[in-house]
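Reading the structure
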Amino acid sequence: MEKFTGKVWILGDDIDTDIIIPTEYLALPTVEDMKQYGFSPLRPELASLINEGDIIVAGKNFGCGSSREQAPEIIKALKVKCVIAKSYARIFFRNSINNGLLLIENSEIQDVIKEGDLLTVNMGESLEFDGKSYEITSLPDNLMDIINAGGLVKAMQKRNGLI
């Protein structure tokens with residue numbers, strides 16, 4: 001079982017794909033060029049503050065809005081370890097898996113954790129914070145294989161012996 005700890009960044013309910021990456025930045029040539037504008041309508045400074053291994057904790061309906069694949073790509077490019085939310089828009093959920101971004105559903109941690117706190121994730125089992133454990137549901141093995149490979153394309157390349 002994988003276990004990791006990260007610094008928490010708090011976002012609210014209904015964080016849509018236009019907040020994750022505004023439309024006007026989609027014309028930039030690469031996700032690396034776009035990532036500095038991640039979350040800019042809501043918190044212009046956030047992308048520059050996120051460090052590798054950090055964790056986003058959000059409310060319900062994270063990733064609602066358009067189905068743009070760049071939204072999970074931006075979060076992954078910012079080197080966020082995972083997003084924990086009360087619920088996700090379904091197309092965002094699948095786009096995230098296909099891009100190798102780990103999403104965890106939990107409806108309790110948002111009420112007890114604050115931005116800047118450290119949160120430990122025990123994959124497929126629980127979240128640990130302030131001496132308490134919060135149960136999480138594990139993703140099916142086939143989805144974890146995609147995430148662990150770095151996305152669907154890489155998972156299929158690995159499965160077919162191409163990498």
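Refer to the structure printed above.
A brief look at the structure comes next. Each chain carries its own residue numbering, running from 1 in the direction its sequence is written. Given that this is a predicted model, residues contribute local features only at a pLDDT of at least 70 and side-chain atom pairs are listed and counted only at 80 or more, while totals for whole chains, interfaces and linings are drawn from all residues. Just so you know, side-chain values use all the structure's heavy atoms and leave hydrogens and water out.

Secondary structure is summarised from DSSP: a helix means a run of H or I of at least four residues, a strand means a run of E of at least two, and numbering begins at the N terminus for each. When helices and strands are tallied, the protein shows seven helices and seven strands. Going from the N terminus to the C terminus, the protein shows its helices and strands as β-α-α-α-β-α-β-α-β-β-β-β-α-α. For the radius of gyration, the atoms used are the C-alpha atoms, and the globule rule reads 2.2 Å times the number of residues raised to 0.38. Since a compact globule built from 163 residues should have a radius of gyration of about 15 Å, the 15 Å found for the protein is in line with a globular shape. If you line up the protein on its principal axes, its C-alpha atoms span 45 × 40 × 25 Å. Here's how the labels work: a residue is buried when its accessible area is under 20% of the maximum for its type, exposed when over 50%, partly exposed in between, all with a 1.4 Å probe on protein chains only. Sorting the 163 residues of the protein into buried and exposed places 45% on the buried side. Contact criterion: two residues are considered in contact whenever any of their non-hydrogen atoms come within 4.5 Å of each other. For the protein, contacts bridging at least 24 residues in sequence account for 68% of all contacts bridging at least 6. Surface exposure of the protein reaches about 8200 Å², of which carbon and sulfur atoms provide 48%. As used throughout, the charge tally considers Lys and Arg to be positive and Asp and Glu to be negative, leaving His and the chain termini uncounted. By convention, the point assigned to a charge is CZ for Arg, NZ for Lys, CD for Glu and CG for Asp. Positive and negative side-chain charges of the protein, numbering 17 and 24 respectively, have mean locations separated by a distance of 3 Å. For accessible areas, the Shrake-Rupley method is used with a probe of radius 1.4 Å. Any residue's cover is judged against the shown protein chains and nothing else.

Moving on to the sheet that holds strand 3 (residues 82-85). Here the rule is simple: two strands pair whenever DSSP picks up at least two bridges between them. What the seven strands build is an open sheet, ordered 4-3-2-1-5-6-7; its pairing is mixed. Across the chains shown, the open sheet's two edge strands, defined by having one partner strand only, are strand 4 (102-105) and strand 7 (132-135). Along the sheet, successive strands turn relative to each other by an average axial angle of 30°, direction set aside. To get an axis, fit a line to the C-alpha atoms, keeping to the stretch in contact for a helix; angles then go from 0 to 180 degrees between the N-to-C directions.

Moving on to the pattern of salt bridges. Between Lys or Arg on one side and Asp or Glu on the other, a salt bridge is scored when a side-chain nitrogen of the former is within 4 Å of a carboxyl oxygen of the latter. Counted according to the given criterion, the structure contains six salt bridges. With its nearest N and O atoms 2.9 Å apart, the salt bridge here joins Lys35 to Glu32. With relative accessibility at 47%, the residue Glu32 sits in the partly exposed group. Among the charged side chains, a network of salt bridges with common partners joins Arg43, Glu45 and Glu115.

Another point: the layout of surface pockets. Grid points spaced at 1 Å over the protein atoms alone were grouped into cavities, where a 1.4 Å probe fits but cannot get out, and pockets, open sets with protein on both sides within 12 Å along at least five of seven lines, with lining residues defined by an atom within 4 Å of a point. Grid points are joined across faces, edges and corners, and a volume is the space filled by probe spheres set on the points. In this structure, the largest pocket spans a volume of roughly 240 Å³. Lining the largest pocket are 14 residues, and of these Val80, Lys81, Gly100, Leu102 and Ile147 lie nearest its centre. The biggest single contributor to the lining of the largest pocket is helix 6 (residues 141-149), with three residues. Grouping the constituent residues of the lining of the largest pocket by class yields seven nonpolar, three polar and four charged. As a working rule, the residues Ala, Val, Leu, Ile, Met, Phe, Trp, Tyr, Cys and Pro are called nonpolar, Asp, Glu, Lys and Arg charged, and the rest polar, with Gly in that last group.

Take the packing of aromatic side chains next. In summary, the pairing rule links any two rings of Phe, Tyr or Trp, Trp by its six-membered ring, whose centres are within 6.5 Å, and it sorts them by plane angle into stacked for under 30 degrees, edge-to-face for over 60 and tilted for everything else. This structure, assessed with the given rule, holds five aromatic pairs. Pairing Phe62 with Tyr88 gives two aromatic rings, centres 6.2 Å apart and planes at 80°, and the pair type is edge-to-face. With a gap of 26 residues between them, Phe62 in the loop between strand 2 (55-57) and helix 4 (70-77) and Tyr88 in the loop between strand 3 and helix 5 (90-98) connect regions that are remote in the sequence. Here Phe62 and Tyr88 have matching classes, each one buried.

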